[in-house]
Amino acid sequence: MKTIDDFNFENKKALIRVDFNVPLDATFKVTDTNRIEAAKPTIIKILEDGGSAILMSHLGRPDGLRNPDLSLKHILATVSDVIGVQVKFVSDCIGEEAEKAAAVLQPGEILLLENLRFHSEEENGDIHFAEQLSKLGDIYVNDAFGTAHRAHASTTIVAQFFPQKKCFGYLMAKEIDALEKVMRTGKKPVLAILGGAKVSSKITIIENILDKVDDLIIGGGMTFTFVKAKGGKVGDSICEDDKMPLALEILEKAEKKGVKVHIPVDVIAANAFSNDADTKVVDVDKIPDGWQGLDAGPKTLENFKKIILGSHTILWNGPVGVFEMPRFAKGTIAVGNYIIEATEKGAFSLVGGGDSVAAVKQFGFEDQVSYVSTGGGAMLESLEGKTLPGIAAIIED
Ligand code: AMP
């Protein structure tokens, strides 16, 4: 795996795919600078080597049209502030103007290109468009994990114009490293905690992960498909009846592979899908009609705690309850705290893909776990065992 540390950028122009798809408010101010900050170490290393940086990104979904609301010009001042360098801007990402701006760029300088998705060729993975982008830099750096699962021109196709001169930025390298630690080189016992709403959206992940883990915790809305499949009563809980045979198959496969599956034994049941509902603790397989399980119960959390604290490598994907409602967030907060405790004792913990990242941020756990992935879809596809095109394009040389 080649990273920017394998190159010296002195007098080189780095063409860097970053993910600056940041949220803007009504006055076009950046409301969350996380993604810009995440790309900073890569940019700084290149500048400190004596190189220059040409940044390319998408913003929103302009669908091939020049939508002024989605111009990257809006984020120019914020990027300059975060990086600490006055960043230049060019109002198109390809063509004469962009080529000129790139050509006159001096070591230590940064150029931000206009939104890649103003051209439909970007998302279509057009090779001619990619070739035009490639003219702007000497070395291609991909540091946009959030789009690594897309075979777009700037994330994948452009790499072929940089034989031996392409690499990952620090952010991408960190994401790949964290995944590697969980999926391949993690210290045993390895635990995956899979929550969220539906079995159907996690099925490929579960199947892939059964080969990698020693323990699997199933939580959240997914629980009830498993419980009902085993003959339990789940009341009005979310349940995918058509996925029940699949749930039984998963349990059978897990047993054959020696993976211990841990399913909640009790839940906080509510008489409505509402924060103001009446609640009671019930056994997971005896939920009365008119009631639905919305969070993990106390016995379940005790069980989860033991398993989490006994694990050396932990992957967490998906909340174990309806954490958006404060009264059903306790289970998800408790799981977060157990993971933090395990991490403090030396476990490696990765939180990634979907709503567990939102939960971790909302409850302030972000800095206390080993790594929080920045790419929702890209992380999910990696956990499903797919090779991401943006990663493959750098590796195959
Ligand atoms: P996902 O994006 O698949 O990780 O699913 C996250 C969603 O699952 C969140 O919006 C949670 O509110 C929801 N969820 C978790 N537990 C339950 C539950 N017991 N019943 C209904 N929805 C749930």
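Before any of the text, the structure's been laid out above.
Report on the accompanying structure. In this text, all values refer to a predicted model and were calculated from it rather than measured experimentally.

To continue, consider the site of the ligand. Surrounding the ligand, one finds 15 residues, the nearest of these being Ala-197, Gly-293, Gly-321, Glu-324 and Asp-355. One of the backbone N or O atoms of Ala-197 is found 3.1 Å from an oxygen atom in the ligand. In the environment of the ligand, an oxygen atom lies 3.2 Å from a nitrogen or oxygen atom belonging to the side chain of Lys-202. Surface burial for the ligand is 83%, taken as the share of its 500 Å² of free accessible area covered by protein chains. Taken together, the residues of the shell around the ligand sort by class into six nonpolar, six polar and three charged.

This next bit is on the nonpolar core. Core analysis: the biggest nonpolar cluster contains 75 residues, and Phe-145 and Leu-216 have the highest contact counts within it. The element contributing the most residues to this core is helix H6 (residues 170-183), with seven residues. Formed jointly, this core draws a minimum of three residues from each of two domains, domain 1 (4-171) and domain 2 (186-383). Discounting chain neighbours no more than four positions away, the residues touching Phe-145 are Met-172, Glu-175, Leu-179, Ser-373, Thr-374, Gly-375, Ala-378, Met-379, Ser-382, Leu-388 and Ile-391. With 31 residues, the next largest nonpolar core counts Ala-39, Leu-59, Val-79 and Val-141 among its residues.

Okay, the sheet that holds strand S11 (residues 266-270) next. Taken in spatial order, the three strands make up an open sheet running S12-S11-S14, and their pairing is antiparallel. Single-partner strands in this sheet number two, and they are strand S12 (279-283) and strand S14 (292-296). Sheet twist, expressed as the average angle between the axes of neighbouring strands with direction ignored, equals 45°. Bridge count between S11 and S14: four bridges; the pairing is antiparallel. Looking at the pairing, Ala-269 lines up with Gly-293 of S14.

To continue, consider the pattern of salt bridges. What the rule picks out here adds up to 18 salt bridges. Across the pair Lys-181 and Asp-177 runs a salt bridge, and its minimum N-O distance is 3.9 Å. Linking Lys-181 with Asp-177, this pair stays in helix H6, spanning four residues, or about one helical turn. Residue Lys-181 is classed as partly exposed on the basis of its relative accessible area, which comes to 36%. Across the salt bridge formed by Asp-285 and Lys-286, the nearest N and O atoms sit 3.5 Å from each other. We classify Lys-286 as exposed; its relative accessible area is 51%.

This paragraph deals with the packing of helix H10 (residues 298-309) against helix H11 (residues 330-344). Between H10 and H11, the shortest axis-to-axis distance is 9 Å and the interhelical angle comes to 25°. On the basis of the axis angle, H10 is roughly parallel to H11. Regarding H10 and H11, the two cross each other, and that crossing is right-handed. Of the residues in H11, those touching H10 at Leu-301, Phe-304, Lys-305, Ile-308 and Leu-309 are Gly-331, Ala-334, Val-335, Tyr-338, Ile-339, Glu-341 and Ala-342. Partitioning the contact of H10 with H11 into residue classes produces nine nonpolar, one polar and two charged.

All right, on to the sheet that holds strand S4 (residues 110-113) then. Spatial strand order, S3-S4-S2-S1-S5-S6: six strands in an open sheet with parallel pairing. What marks the edges here is a single partner per strand, and that holds for strand S3 (88-90) and strand S6 (166-168). Shown here is a sheet whose adjacent strand axes are inclined to one another by a mean of 25°, direction ignored. Judged from the three bridges that link them, strand S2 (residues 52-56) and S4 form a sheet pairing that is parallel. Bridged to Ala-53 within S4 is Ile-110.

Cut-offs used in this document
Residue numbering note: each chain is counted from 1, following its sequence as written. Local features in this predicted model are restricted to residues of pLDDT 70 or higher, and side-chain atom pairs are both shown and tallied only at a pLDDT of 80 or more, whereas totals for entire chains, interfaces and linings draw on every residue. Side-chain metrics in this entry use all non-hydrogen atoms of the structure; hydrogen atoms and water are not considered. Each residue is tested against the molecule or strand, and it is near if at least one of its non-hydrogen atoms lies within 4 Å. N or O atoms within 3.5 Å of each other form a polar contact, as long as, within protein, one can give a hydrogen and the other can take it, and as long as residues adjacent in sequence are counted only when both atoms are side-chain atoms. Shrake-Rupley sampling with a 1.4 Å probe provides the accessible areas, and residues are treated as covered by the protein chains on show and by no other component. The classification used treats Ala, Val, Leu, Ile, Met, Phe, Trp, Tyr, Cys and Pro as nonpolar, Asp, Glu, Lys and Arg as charged, and all other residues, Gly among them, as polar. Take the buried residues of types Ala, Val, Leu, Ile, Met, Phe, Trp, Tyr and Cys, join any two whose side-chain atoms come within 4.5 Å, and each joined set is a nonpolar core. Between buried and exposed lies partly exposed: a residue is buried under 20% and exposed over 50% of the maximum accessible area for its type, with that area taken using a 1.4 Å probe on protein chains only. Helix numbers and strand numbers start at the N terminus; a helix is a DSSP run of H or I with at least 4 residues, a strand a run of E with at least 2. By convention here, the domain bounds are inherited from an automatic or database domain assignment. The contact criterion used is simple: two residues touch if any of their non-hydrogen atoms lie within 4.5 Å. A strand pair is defined by DSSP finding two or more bridges across the two strands. Inter-axis angles, ranging from 0 to 180 degrees, are taken between N-to-C directions of lines fitted to C-alpha atoms, where helices are fitted over the stretch in contact. Each salt bridge in this description consists of a side-chain nitrogen of Lys or Arg and a carboxyl oxygen of Asp or Glu lying within 4 Å of one another. Angular relationships are summarised with four words: roughly parallel below 35 degrees, roughly antiparallel beyond 145, roughly perpendicular across 65 to 115, and oblique for the angles in between. Here is the rule for handedness: rotate from the far helix to the near one, and if that takes an anticlockwise turn smaller than a right angle the crossing is left-handed, while a clockwise turn gives right-handed.

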